[in-house]
Amino acid sequence: MRNLFVALVVGASVVPAAFAAKGAKPVLTVYTYESLVSEWGPGAEVKSAFEQTCGCELRWVAAEDGAALLTRLKIEGAKTKADIIMGLDNNLMAEARDTNFFLPYQAKWAKTLSLPVEWKDTVFTPFDYGHFAFMMDTEKVKTPPKSLAEFLDGKDWNKSLIVQDPRTSTPGLGMLLWVKSIYGDKSKEALEKLRKKTLTVTKGWSEAYGLFTKGEAPFVLSYVTSEAYHVVEEKSTRYKAVPFSEGHYLQVEVAGILKSSKQQELAKSFMDFLGDPRVQSAMALKNWMMPVIGKVATLPEIFIKLPEPGKSLLIDSGEVAKNRKAWVQEWLSHFRN
Amino acid sequence: MRSGVSVGLGALMVSVPLCLLAGAIGWPLMGLFVEFFTTAQDFSALGDLLSSRWVGGVIRFTLWQATLSALLSVGLAFPLARVFAFHEFPGKRFLLSLSILPFALPSILVAFAFVIAYGNSGYVGSLLRHVGLDVTLLYNRWAIVAANVFFNLPFAVRLLAAREAALPRQQIQSSALLGLPWWLTLWHVELPHVARVALNVAILTFSLCLGSFAIAMVLGGAPDLNTTEVAIYQFVRFEFDVPAASCLAAVQLVLTLLAALVYRMSFERGSHRHQEPVLAGALVRPLAGRAWPVQAFCWGSIALYSLFLLLPLSAIVVDGVRSLMRNALSDPATRSAARSATTVSVQLAGLAGMSASVLAWMYVRGSIALSAGFPRLARSLRQLVWLSMGISPTVLAFAWFLVLRATDWAFVVILAVHVVLALPLCVRILLPAVEVVVAQSDRSVKLLGVPAWRILVQIELPALRTPLFLAFALAFALSFGEVAAVALFGSDEVETLPLLLYRLMGAYRFHDAAALSLLLALVCGSVFFIGERYQK
């Protein structure tokens, strides 16, 4: 059924495009990260749905990840071809805002925005969110820890977690901020204990999750929504997210319009389009993150059944930008052998 | 009148690769330099960075792992090279062909292969657990060294075996006539003959290990087991801290240069004249006919080497086949992506391989001709090529990005970066072979007065088929597996197989990724097998 829908959408967008004069259409260039536009990401669906209404061509340009996006923007500066940057997150937001490259804009649907926390930013528009969580292999874990404290203080689980490096990976930074937001000034001991529970530290999410699915460790740092992937795509309940009573750290992914853009009206209409149920369902089913407009009727049941994060933890973006270097250094001093 | 290749033609031949190298390295590094001085406001911060405990630790570890990997690779390669050089045994050519394969695999693939072979739930790990031994083999510093040796040992074996095969036969025979014990022959004849190449290979391995990075992060288990390359990556990609990244890149360059200098010093004083090699073909005998202690030692070494090489490689095959049986790579989007990525990868690596091997040949041949008129200049030129060993692909790609301020020309830039990376290796492979061929052709040609182009094209190049192919294969492999430059520049226009591998994993498609790894290994492997077959 979904395939039929996709075929119709694609067909509907291809046929008129074939008749339209080539080059007459304005082009909207959106910089984003790899996995969003890869063959399996939501990119293709978002593109075809948007092009149905905008009378334009949407061009994706991909960087490796959110952090690489920001770096790329800083290098290209005013010369950038991008009209929109899509895929920065709340941790990079303050730094991105400080570049002064972005045009403040509130999407028309901003009032219906539904996030676990109150959203105050006026420059960027959220398009999905997720909570960091430990994923567990139920073939190896019979009684999962109920809290981060239980995991860290327990006698079990030495060398059982695969985690990413906060210097090279967004989830890695998320783990560090998670510990910071729970333990605050006492994070020293917590990081020390976390070190003992860690099997290895990888460069990025892919390496970590790859090791995890090869059976190297019972836990990996990922997202609550990872569970949905295994249920929907693999019909498997072997891998589950572990709810922690302290709450889970939140990641909100955002898009922003560049001041240098020559297609500002088009860019604004794209931001308005991000709240469309089609976009939001693609984000859930292809990007494996939660939609930001509350319930999307077409989503599979598992998205409702995912473990409740309880409290959403979030450190203010400016605070993160200010302390990141020092915190990463602190992490590094504990994670030495 | 001197016939043959003139000094002028030599200069011309050297200048082509030299100019390209200067353009591909010099221009972007200049850009980096400018950026460094325009953005670095606080030089004391850089001093702090370099003297910080963390950077000190990273540099120490980088040196430790690179040195140990180099010593182990060469130390283990020496006995193996003797086995390969002096004995004929079934499967020898297969093993030698297979030996380049690790070089072509993206490091993430090798990391996963190691995990499947030696990890907690891998073959060896499960076996050990089965007999009651609960040990973690990976996730420590030794795992990093083992992975480095896996990459570099086969390469060292090939180069040393080639050198062993060129042992001066007369010396071996006279020492046999004198009734010297084998260990004295080894000490007085073989070791001096091999030493220069061995040190050379050690430095190559050392330089290659300086840049290893993804492996260290997956298998190391702890962030202090990181190399300077990860710190460079962090500053380039995450912090956009050009001064800090440039500083560390400079440190890495200095380390490589020091290594090259050690090499230079240890041989500069000794006789630099190339011994006229007499191919010791007559020394090669079937292994089956040797005395039993020799047989036992040789078969033992071959078995261990095969195991070391084949276990991780077969892990890729088993994992790939298992995934294919679970319908990996079955949907059309994945299939067409895999097809186009294969085309792009083969084109890119093929071009990089051809450019690098041809440029390296021009460089080597030109410098030999040049040495007739300017010996010191020619020698310095040969040292100069070491410089590009010390440049990290991450830094070079980033520097290109800085000067272009856009990712246009992606294919050309990636190609340039790959050629720069491969050129020193190709020069290293071609240098001894070209020296031999030139020495032989010079003698015969001087008498006949054959024009230079005919000497080069009709006499020398055909004689160099084998080393030229090896140079091509290594450059191909290096380009095929490289991912840092491709990830920075190529994501839109140049989607290579390793990049697609990352994309699949980024979309949770680990089964597809495993099947693609198999495809990657097969494509690369078949290029080598076809090439080796074609030579004979």
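Residues numbered from 1 in each chain as written. Chains lettered and ligands numbered in written order. Predicted model: local features only at pLDDT ≥ 70, side-chain atom pairs only at ≥ 80, totals over all residues. Heavy atoms only, no water.

Chemist: Any chance you could explain the pattern of salt bridges here in plain terms?
Modeler: A side chain of one charge can pair with a side chain of the opposite charge if their charged atoms are brought near each other. Residue and element names in this part refer to chain A. Under the definition given, this model contains 28 salt bridges over all chains. Between E95 and K74 there is a salt bridge; the shortest N-O distance is 3.1 Å. You can see E95 sitting in helix 5 (residues 90-98) and its partner K74 sitting in helix 4 (residues 66-76), a full 21 residues away along the chain. The exposure class of E95 is buried, given its relative accessible area of 18%. Using a relative accessible area of 24% as the deciding quantity, one classes K74 as partly exposed. In this structure, E319 engages K322 in a salt bridge whose closest nitrogen and oxygen atoms are separated by 4.0 Å. Of the two residues, E319 and K322 both sit in helix 14 (residues 317-335), 3 residues apart, roughly one turn of that helix. The class of E319 is partly exposed, set by a relative accessible area of 34%. (Salt bridge = Lys/Arg side-chain N within 4 Å of Asp/Glu carboxyl O. Helix = DSSP H or I, 4+ residues; strand = E, 2+ residues; numbered from the N terminus. Buried < 20%, exposed > 50% of the residue type's maximum accessible area, 1.4 Å probe, protein only.)

Chemist: Would you mind going over helix 14 of chain A with me for this structure?
Modeler: Count 3.6 residues to each turn of an α-helix, and residues three or four apart come out pointing the same way. Residues and elements named next belong to chain A. Within helix 14, the axis deviates most sharply at N323, by approximately 60°. All of the buried residues along helix 14 are S317, V320, R324, W327, V328, W331, L332, H334 and F335. Measuring from the backbone nitrogen of G318 back to the side-chain oxygen at the start of helix 14 gives 3.1 Å, which picks out D316 as the cap. (Bend = angle between axes of the 7 residues up to and from the residue. Polar contact = N/O pair within 3.5 Å; in protein donor to acceptor, adjacent residues only side chain to side chain.)

Chemist: Explanation requested: helix 6 (residues 107-118) of chain B in the structure shown.
Modeler: Its 12 residues give helix 6 of chain B an end-to-end C-alpha distance of 16 Å, which sits within 8% of 16 Å, the value for a rise of 1.5 Å per residue. When we look at burial in helix 6 of chain B, the residues that qualify are I108, L109, V110, A111, F112, A113, F114, V115, I116, A117 and Y118 of chain B. (Expected span 1.5 Å × (residues − 1).)

Chemist: What am I meant to see in the confidence of the model for chain B here?
Modeler: Atomic detail in the predicted coordinates should be set aside for any region of low pLDDT. Residue and element names in this part refer to chain B. With 93% of its residues at a pLDDT of 70 or more, chain B shows a mean pLDDT of 83. Per-residue pLDDT stays below 50 along residues 269-276; that stretch engages in 9 contacts with residues further than four places along the chain or on separate chains. Interface confidence for the predicted complex, given as ipTM, is 0.83, next to a pTM of 0.86. (pLDDT = per-residue confidence, 0-100. Contact = heavy atoms within 4.5 Å.)

Chemist: Help me out: how do you make sense of the interface of chain A and chain B in this one?
Modeler: Each partner contributes residues to the interface: chain A has 54 residues there, and chain B has 59 residues. Buried area between chain A and chain B, both sides added, is near 5300 Å², and the carbon and sulfur share of it is 56%. Ranking the residues of chain A by area buried against chain B places W40, I75 and R167 of chain A at the top, with a combined share of 16%. Where chain A touches chain B, the interface holds 4 salt bridges. Residue D241 of chain B is joined to K325 of chain A by a salt bridge in which the shortest nitrogen-to-oxygen separation is 3.9 Å. (Buried area = accessible area lost by both parts, 1.4 Å probe.)

Chemist: Looking at this structure, how should I read the side chain of Q251 of chain A?
Modeler: Examined against the element boundaries, Q251 of chain A turns out to sit in strand 10 (residues 248-258). Setting aside anything within four residues of it in sequence, one finds Q251 of chain A in contact with D89, N90, D128, Y129, G130, F132, T170, Y223 and M289 of chain A.

Chemist: Just checking my understanding: could you explain the state of the cysteines for this structure?
Modeler: Applying the stated criterion to the full structure yields 1 disulfide over all chains. The disulfide partner of C54 of chain A is C56 of chain A, and the gap between their sulfur atoms is 2.1 Å. One disulfide, between C54 of chain A and C56 of chain A, carries an S-S torsion of -90° and so falls in the left-handed class. A relative accessible area of 18% places C54 of chain A in the buried class. Owing to a relative accessible area of 1%, C56 of chain A belongs among the buried residues under this scheme. Free cysteine: C209 of chain B, not disulfide-bonded; nearest cysteine sulfur from C426 of chain B at 18 Å. (Disulfide = S-S within 2.5 Å.)

Chemist: So what exactly am I meant to see when it comes to the side chain of D83 of chain A here?
Modeler: Residues and elements named next belong to chain A. Of note, D83 is situated in the loop between helix 4 and strand 3 (84-89). Notably, D83 is buried but unbridged: the nearest opposite-charge side chain belongs to K262, and the N-O separation is 7.7 Å. Discounting chain neighbours no more than four positions away, the residues touching D83 are V27, L28, T29, G256, I257, L258, S261, K262 and Q263. (Lys, Arg positive; Asp, Glu negative; His and termini not counted.)

Chemist: Explanation requested: the nonpolar core in the structure shown.
Modeler: Considering soluble globular proteins, one finds that nonpolar side chains tend to be buried as a cluster. In this structure, I84, M86, L88, F134, F270 and F303 of chain A are the most contacted members of the largest nonpolar core, which totals 301 residues. In terms of residues, this core owes the most to one element, helix 18 (residues 410-448) of chain B, which gives 20 residues. In this structure F303 of chain A touches T225, A228, A284, L285, W288, M289 and M290 of chain A, once residues within four positions along its chain are discounted. In this structure, A85, F86, L167 and I172 of chain B belong to the second largest nonpolar core, which totals 5 residues. (Core = buried A, V, L, I, M, F, W, Y, C linked by side-chain atoms within 4.5 Å.)

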